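Notes for the structure review
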Amino acid sequence: ESEREMKDCESVGNVVPSLITALVVLWLSMGVCRSQLSTNFYANSCPAVFTVVRRQVLCALKNDTRMAASLLRLHFHDCFVNVSSSGCDGSVLLDGSDSEKLAAPNRNSARGFDVIDTIKAAVENACNATVGRLNGFSEDASVDPTLDPSMAAELQALCPQSGGDGNATAPLDRNSTYAFDNHYFKNLVEQKGLLSSDQGLFSSDDGEATTKALVQAYSNSGSLFFRDFVNSMIKMGSISPLIGSAGEIRRNCRVVN
Ligand code: HEM
């Protein structure tokens, strides 16, 4: 079905099937009830909303596979990055000189706002004015001793202490960059986490006491990871959403009405 829908897109790109499958799984999971939000909210005012959003997301992925990751991160940052407001209220989409877009975790790295605009336009087109809410190295450059030595050497070659390319990038999920699967956790077990916050989940003292067993379990079972991922995304998306008269349905995602 996804493939058929993607033929409707105008742009041409390369899509990794497993990523699409993952997205569809994620999508289906949205039918599960949340504690406060309702998936039936637009049942009367915009029954096509899921179909329209889904088609636009698939089109965006066809154009740029990475966009799946970027949209997922935007959702996370909407819920957690707190400048003017907190919670999953679409505040990350607002433009402005003191907006969350310019907060350190987002500046120059959050992406996908134009895709949100396109999705919003498609939804508005279908249903007028209804939908709106929609490592390794420390600062002194010493190497984390828990990091796999060959990976450490690779990263040092990519980012030497002087004379390197400031725009060089390294994959967050090496050897499985464009697939959404449990490979990230396999990397951690091999002590190959890119960020300190990744590596620490399995290899730090704090991680030993808290997250290590989970990393081990997810590295052994893709289905356990997918099940827990779905539940945790639903849980995260329920953090302080604005409900009823506490919020508003924006006509333009970038500005309040
Ligand atoms: C709180 C601990 C976390 C830290 C310190 C962290 C840090 C980062 C950093 C530094 C990047 C790279 C940004 C760049 O390319 O410039 C990144 C990317 C990313 N993060 Fe996180 N993150 C955290 C938690 C999460 C969570 C909980 C999620 C998912 C819900 C997430 C999803 C992503 C995704 C999908 C990307 C790739 C985005 C893209 O390629 O456009 N992160 N993160």
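Read on for a plain summary of the structure. Bear in mind the structure is a predicted one, so any value in this text is a computation, not a measurement.

1. Examining the overall build of the protein chain
Looking only at helices and strands, one finds 11 helices and zero strands in the protein chain. The N-to-C order of helical and strand elements in the protein chain reads α-α-α-α-α-α-α-α-α-α-α. Of all 257 residues assigned to the protein chain, the portion counted as buried reaches 38%. In the form shown here, the protein chain has an accessible surface area of approximately 14800 Å², with 54% of it arising from carbon and sulfur atoms.

2. A closer look at unusual backbone geometry
The backbone phi angle of N108 is positive, close to 60°, even though this residue is not glycine. Judged by relative accessible area, N108 falls into the exposed class, the value being 80%. A positive phi angle, close to 40°, is found at S240, a residue other than glycine. Among the secondary structure elements, S240 is positioned in the segment after α11 (222–237). Take S240: its relative accessible area is 43%, and that puts it in the partly exposed class.

3. Structural notes on the packing of aromatic side chains
In the structure shown here, the tally under the stated rule is 11 aromatic pairs. Ring pairing ties together the aromatic residues F180, Y184, F185, Y218, F225, F226 and F229, which thus form one cluster. Note that K212 overlies the ring of F202, its terminal NZ or CZ placed 4.9 Å from the centroid.

What counts and what doesn't
Residues numbered from 1 in each chain as written. Predicted model: local features only at pLDDT ≥ 70, side-chain atom pairs only at ≥ 80, totals over all residues. Heavy atoms only, no water. Helix = DSSP H or I, 4+ residues; strand = E, 2+ residues; numbered from the N terminus. Buried < 20%, exposed > 50% of the residue type's maximum accessible area, 1.4 Å probe, protein only. Areas by Shrake-Rupley, 256 points an atom, 1.4 Å probe, with all protein chains shown as cover. Phe/Tyr/Trp six-rings, centres within 6.5 Å; stacked < 30°, edge-to-face > 60°. Lys NZ or Arg CZ within 6 Å of the ring centre and 35° of its normal.

These results come straight from atomic positions and should not be treated as a statement about function.
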